Amino acid sequence: MNKQVSVLAAIAILASGWVVWLSQSPSKDKIEASLLFDDLQVFANQIDSVEITDAQGVLFSAQKLGNQWLATFDPRQPTYPISQAKLANFVGTMMRAELVEAKTSKPQNYVRLGLQPIDIDDSMASLVILKASENTWQVLVGNKVTTGEGHYILKPDDSRSWRTDKTINLPIDKFSWLKRPILPYQAMDISSISRVDNIGWHIARAANGKFQLTNMPTGKKLEYDSILNSIVSSLTSLDFEQLLAIDENVVKFLEVKSRLEVITAEGTVFQVIVSEVDNKYFVNFISDGQSEYWQKWLYQVSFFSAQQLIKTLDDFLLEKSTTPATSNINIRPQAIEEGDSPN
């Protein structure tokens, strides 16, 4: 019996030692974290080109010209300013991202991580290319990890796929990293707005800083005090769903819903044209002697945004109640017929 106990005790000690050794031994799939790009931090301030491509084509392409980042589309189309904050966050993530877990190195298993090459039609991956003068960094970004932070990635010079410690936020579409809102003005920069089509009204900033309806009908009042400010803020905060190059073949089919003239505090004058076709709403801007980036495009906007810019004079005014006042009429109780009991 003592011999059996001794053998069991020895086996238990050996098993405990084996567990401890396993817990301390590094996994072949676990490594000490290393940066996704070892030298990107050194050249981060010199990056002058970012391109993101997926199976459908170029999702985002931008170049740095001077101190400004501009998105490029078709070579025949003008460039467009981007959101430098979104680009800075993206580059910062790529610069600090670490490889924290090695995954499969078998190409047939890449699909499980969303890392199929982008030349495959149903690939879910995005190819990221950063450039700084003579230096280039590339990585294929696949699926986001199912729990916690991180993405699966594949570097072109490494058959081993990896999990990063940080989620890499990519643009949803080719418009999502563009500069917003459309106009480079705030409400305080606007001096007046007029509707200059067949429905005329004029809003101007008074000496006290508040907007006034200059052609207020006699005996009428505004629906509420800040209603004039609302159309100004609707204009300066106007966002878009899609960006289209102005094409005369498209413009001729648009039905103009309103035409506004805007004068800024600095004296800049431009018009805002709101149009509709097939239940879709569009806005474009025109002016004499100017060629701002926002005047070169046709913007598809939401139904709600369009409605804010096609208001009539009556939309600003308080309507008189049409409900007849209740009169104090004494209604005579029905007589009680003979033989009826009131109880």
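Scoring rules and cut-offs
- Residues numbered from 1 in each chain as written.
- Predicted model: local features only at pLDDT ≥ 70, side-chain atom pairs only at ≥ 80, totals over all residues.
- Heavy atoms only, no water.
- Helix = DSSP H or I, 4+ residues; strand = E, 2+ residues; numbered from the N terminus.
- Contact = heavy atoms within 4.5 Å.
- Areas by Shrake-Rupley, 256 points an atom, 1.4 Å probe, with all protein chains shown as cover.
- Buried < 20%, exposed > 50% of the residue type's maximum accessible area, 1.4 Å probe, protein only.
- Pairing = 2+ DSSP bridges.
- Polar contact = N/O pair within 3.5 Å; in protein donor to acceptor, adjacent residues only side chain to side chain.
- Core = buried A, V, L, I, M, F, W, Y, C linked by side-chain atoms within 4.5 Å.
- Patch = residues over 30% accessible without salt bridge, like charges linked within 9 Å, V, L, I, M, F, W, Y side chains within 5 Å.
- Salt bridge = Lys/Arg side-chain N within 4 Å of Asp/Glu carboxyl O.
- Lys, Arg positive; Asp, Glu negative; His and termini not counted.
- Charge placed at Lys NZ, Arg CZ, Asp CG, Glu CD.
- Axes fitted to C-alpha atoms, helices over the stretch in contact; angles between N-to-C directions.

**Thoughts on the overall build of the chain**
1) Next: From N to C terminus, the chain includes six helices and 18 strands.
2) Next: When contacts within the chain are restricted to residue pairs at least 6 apart in sequence, those whose partners lie at least 24 apart make up 58%.
3) Next: Summed over its atoms, the accessible surface of the chain is roughly 21,300 Å², and 50% of this surface lies on carbon and sulfur atoms.

**Examining the pairing of strand β6 (residues 98-102)**
1) Next: Summarising burial for β6: four of the five residues are buried, a large majority.
2) Next: Pairing analysis gives three bridges linking β6 to strand β10 (residues 162-164), with the strands arranged antiparallel. In the strand pairing of β10, Glu101 is matched with Arg163.

**Focus on the environment of Trp162**
1) Next: When you line up the elements, Trp162 lands in strand β10.
2) Next: Distance from Trp162 to Gly142, taken between C-alpha atoms, is 10.0 Å for residues 20 residues apart in sequence.
3) Next: A polar atom in the side chain of Trp162 sits 2.9 Å from the side chain of Asp158.
4) Next: From its side chain, Trp162 meets the backbone oxygen of Arg160 in a polar contact 3.2 Å long.

**Digging into the pairing of strand β16 (residues 269-277)**
Side-chain direction in a regular strand flips from residue to residue, so the side chains alternate between the two faces of the sheet.
1) Next: A large share of β16 lies buried, amounting to seven of its nine residues.
2) Next: Summarising the sheet, strand β15 (residues 255-264) and β16 pair through eight bridges and their orientation is antiparallel. From the neighbouring strand, Ser258 faces β16, where its bridge partner is Val274.
3) Next: A loop of four residues connects β15 with β16, the two strands running antiparallel in sequence, and Gly267 in this loop sits at a positive phi of about 90 degrees.
4) Next: Relative to strand β17 (residues 280-286), β16 is paired through seven bridges, and the arrangement is antiparallel. Directly across from Val274, in β17, lies its bridge partner Val283.
5) Next: Counted along the chain from β16 to the antiparallel partner β17, the turn is two residues long, and its residue Asp278 has a positive phi close to 55 degrees.

**A word on the environment of Lys86**
1) Next: Along the polypeptide, Lys86 turns up in helix α3 (residues 84-96).
2) Next: Residue contacts for Lys86: discarding those within four places in its chain leaves Ser176 and Trp177.

**Focus on the nonpolar core**
1) Next: With 69 residues, the main nonpolar core has Phe90, Met94, Phe285 and Tyr299 as its most contacted residues.
2) Next: Those residues in contact with Met94, other than ones at most four positions away along the chain, are Leu36, Phe37, Leu40, Val128, Leu130, Val139 and Ile168.

**Re a negative patch on the surface**
1) Next: Together, Glu223, Asp314, Asp315 and Glu319 make up a region of like negative charge exposed at the surface.
2) Next: Within the secondary structure, Asp314 is located in the segment after α6 (303-308).

**A closer look at unusual backbone geometry**
When glycine is set aside, most residues are seen to have a negative phi, and most peptide bonds are trans.
1) Next: Here Arg180 and Pro181 are connected by a cis peptide whose omega angle stands at -5 degrees.
2) Next: Within the secondary structure, Pro181 sits in the loop between β10 and β11 (190-196).
3) Next: Of note, the phi angle at Asp278 is positive, near 55 degrees, even though the residue is not glycine.
4) Next: Within the element layout of this structure, Asp278 appears in the loop between β16 and β17.
5) Next: By relative accessible area, Asp278 is classed as exposed at 67%.

**Some words on the pattern of salt bridges**
1) Next: Applying the stated criterion across every chain, the model contains seven salt bridges.
2) Next: For Arg76, the salt bridge is made with Asp74, and the minimal N-O distance between the two is 3.0 Å.
3) Next: Among the residues examined, Arg76 registers a relative accessible area of 76% and is labelled exposed.
4) Next: Take Asp74: its relative accessible area is 27%, and that puts it in the partly exposed class.
5) Next: In this structure, the salt-bridge partner of Glu101 is Lys103, at a minimum N-O distance of 3.4 Å.
6) Next: Assessed through its relative accessible area of 16%, Glu101 is described here as buried.

**Side note on the side chain of Lys311**
1) Next: As for its placement among the helices and strands, Lys311 is situated in the segment after α6.
2) Next: In this structure, Lys311 is in contact with Arg195, Trp201 and Phe316, ignoring residues within four places of it in sequence.

**Regarding helix α4 (residues 227-236)**
1) Next: With seven of 10 residues buried, α4 is to be regarded as a mostly interior element.
2) Next: Within α4 the residues assigned to the buried category are Ile227, Leu228, Ile231, Val232, Ser234, Leu235 and Thr236.

**Let's talk about the sheet that holds strand β12 (residues 200-205)**
1) Next: Spatial ordering of the open sheet is given by β13-β12-β11-β15-β16-β17-β18-β14, a layout of eight strands whose pairing is antiparallel. The sheet is open, and its two edges are formed by β13 (211-213) and β14 (242-245), each paired on a single side. In this sheet, adjacent strand axes meet at a mean angle of 25 degrees when their direction is disregarded.
2) Next: Across five bridges, the pairing between β11 and β12 is antiparallel. Opposite Ile193, over in β12, you have Ile203 as the bridge partner.
3) Next: Sheet contacts for α4: β11, β12, β13, β15 and β16; angle to β13, the most-contacted strand, approximately 115 degrees.

Note that all results are geometric; they support no functional claim without further evidence.
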